[in-house]
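One-letter residues, chain by chain:
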Amino acid sequence: MTIVAGEVTETHFVLNAAVFKLHPRSSEGADINTDASIEIRHDGEYVTTQYGDKILVLPAGNLEFDIKIGEAMVTKAYTAKAGETIEEDVIVGTGLAFFTTEYAPGVKVEDDIFMEIFDAKVALDGTRRSIAYGYNGEQDFELPPGDYVMDYKLDGTSGQIPFTVKTGERTDIPVLLDAGVLAVTTPTDDYVEIRSPTKDIAGNVTSFDYGYGPNVQTTLKAGDYVVFSKKDDVESETPVTIKAGERFELTIEAAAPAAGGKKK
């Protein structure tokens, strides 16, 4: 191409390309999902990743598209000719699992409870495949249809909830912790541990949570516990009862060491 002063130079490019209009949808009849990701490969080589509903101009040839909504994905393959336009609704096939968490009926959890979604199938080694996770009292996950288990943990309380997701449907899953909050205040940076009040058959106590003063707060299932504290050679054990949906505040007073050693 030659550029001449004072003249307009016209150029003509042949892109050897095809136009794709792929509309990702979670299910038949659902709105186009603008958060869907589309990873594109040409002849097996990664090209780009786009999001939502886009008009894509791509090299002709063998193209693959990984379209993902939430944790679900489908792969579409095309052999595109130069100048061709391909338009298609891509149904990924997802359902929505929505979790709401309460300490007790009517008492919502505002803290960042940890939730992890696992495939319900158990592998030969006894493990489950992790699908997704998040933190909040209310969470939602877009998942392929199937059976799952949700593990949750908030401080000293934990549990599992099985659930099923269906394509195009919302499944509401209530998470009732049956738990309360224990707040412990100590004179200084005392070690604080929440233990079971009784020993198991092997003679061991169960530890539910621990921390360091002067302020320690944790969430516990309703029931009886022992608050163990230690600072230098001074130890104490205080029994407490936690009620679902309630807050229990405990103040541990400073105490001098007993003559000859530890104090309990």
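Our structure's up above, just so we're on the same page.
What counts and what doesn't
- Residues numbered from 1 in each chain as written.
- Predicted model: local features only at pLDDT ≥ 70, side-chain atom pairs only at ≥ 80, totals over all residues.
- Heavy atoms only, no water.
- Helix = DSSP H or I, 4+ residues; strand = E, 2+ residues; numbered from the N terminus.
- Rg over C-alpha atoms; globule rule 2.2 N^0.38 Å.
- Buried < 20%, exposed > 50% of the residue type's maximum accessible area, 1.4 Å probe, protein only.
- Contact = heavy atoms within 4.5 Å.
- Lys, Arg positive; Asp, Glu negative; His and termini not counted.
- Charge placed at Lys NZ, Arg CZ, Asp CG, Glu CD.
- Pairing = 2+ DSSP bridges.
- Axes fitted to C-alpha atoms, helices over the stretch in contact; angles between N-to-C directions.
- Core = buried A, V, L, I, M, F, W, Y, C linked by side-chain atoms within 4.5 Å.
- Phe/Tyr/Trp six-rings, centres within 6.5 Å; stacked < 30°, edge-to-face > 60°.

Engineer: Explain the overall build of the protein to me, please; I cannot follow it from the model alone.
Structural biologist: The number of helices and strands found in the protein is 0 helices and 22 strands. Over its C-alpha atoms the protein spans a radius of gyration of 29 Å, topping by over 25% the 18 Å that the globule rule assigns to 264 residues. The C-alpha extent of the protein, read off along each of the three principal axes, is 100 × 50 × 40 Å. Residue burial in the protein is summarised as follows: out of 264 residues, 38% are buried. For the protein, the share of sequence-separated contacts (at least 6 apart) that also reach a separation of at least 24 residues comes to 58%. Distance between charge centres in the protein, computed from 24 positive and 45 negative side chains, equals 6 Å.

Engineer: Honestly, the sheet that holds strand E2 (residues 37-42) in this entry has me stumped. Any pointers?
Structural biologist: Strands in a sheet are paired, the pairing made by backbone hydrogen bonds, and the direction either parallel or antiparallel. In spatial order, the strands read E3-E2-E5-E6; together these 4 strands make up an open sheet with antiparallel pairing. On the outer flanks of this sheet lie strand E3 (45-51) and strand E6 (72-80), each paired with one strand and no other. Adjacent strand axes in the sheet meet at a mean angle of 20° when their direction is disregarded. In terms of strand pairing, strand E5 (residues 61-69) meets E6 through 9 bridges, oriented antiparallel. Across the sheet, Lys68 pairs through a bridge with Met73, a residue of E6.

Engineer: Would you take a moment to explain the pairing of strand E14 (residues 157-165) for this structure?
Structural biologist: The side chains of a regular strand alternate, residue by residue, between the two faces of the sheet. Pairing of strand E13 (residues 146-154) with E14 involves 9 bridges; the strand directions are antiparallel. Looking at the pairing, Leu154 lines up with Thr157 of E14. Turn length for the E13-E14 hairpin, with the two strands adjacent in sequence and antiparallel, is 2 residues, and the turn residue Asp155 shows positive phi of about 55°.

Engineer: Explain the sheet that holds strand E4 (residues 54-59) here, please?
Structural biologist: One open sheet holds the 3 strands; their spatial order is E4-E1-E7, and the pairing between them is mixed. Each of the sheet's edge strands pairs with one partner strand only, and the pair in question is E4 and strand E7 (85-91). Put simply, the sheet's adjacent strands are angled 30° from each other on average, direction ignored. As defined by bridge partners, strand E1 (residues 17-25) adjoins E4 across 6 bridges and the pair is classed as antiparallel. Paired with Ala17 across the bridge in E4 is Pro59.

Engineer: Hey, could you run me through the nonpolar core in this one?
Structural biologist: Side chains that are nonpolar tend, in soluble globular proteins, to be buried together. With 23 residues, the main nonpolar core has Phe99, Ile117, Leu143, Met150, Tyr152, Phe163 and Leu177 as its most contacted residues. Elements with a minimum of two residues in this core: strand E8 (95-104), strand E10 (114-119), strand E11 (130-135), strand E12 (138-143), E13, E14, strand E15 (170-176) and strand E16 (179-185). Once you skip the residues sitting within four places of it in the chain, Ile117 turns out to touch Phe99, Arg129, Ser130, Ile131, Ala132, Phe141, Leu143, Tyr148, Val149, Met150 and Phe163. Formed by 18 residues, the second largest nonpolar core is a distinct cluster that contains Phe20, Ile38, Ile67 and Ala80.

Engineer: Sorry, what's going on with the environment of Pro162 here?
Structural biologist: Mapped onto the elements of the fold, Pro162 is located in strand E14. On the accessibility criterion, Pro162 (64% relative accessible area) is exposed. Apart from the residues lying within four places of it in its own chain, the contact partners of Pro162 are Tyr148 and Val149.

Engineer: Looking at this structure, I do not really get the packing of aromatic side chains. What am I missing?
Structural biologist: In this description, an aromatic ring pair is defined by two values, namely the gap between the centres and the angle between the planes. A full pass over the atoms with the stated rule returns 11 aromatic pairs. Between the aromatic rings of Phe114 and Tyr135, the centroid separation amounts to 5.0 Å while the plane-to-plane angle is 50°, which identifies the pairing as tilted. Highlighted residues: Phe114 in strand E10 and Tyr135 in strand E11, separated in sequence by 21 residues. We classify Phe114 as partly exposed; its relative accessible area is 21%. Pairing Phe208 with Tyr225 gives two aromatic rings, centres 5.1 Å apart and planes at 85°, and the pair type is edge-to-face.

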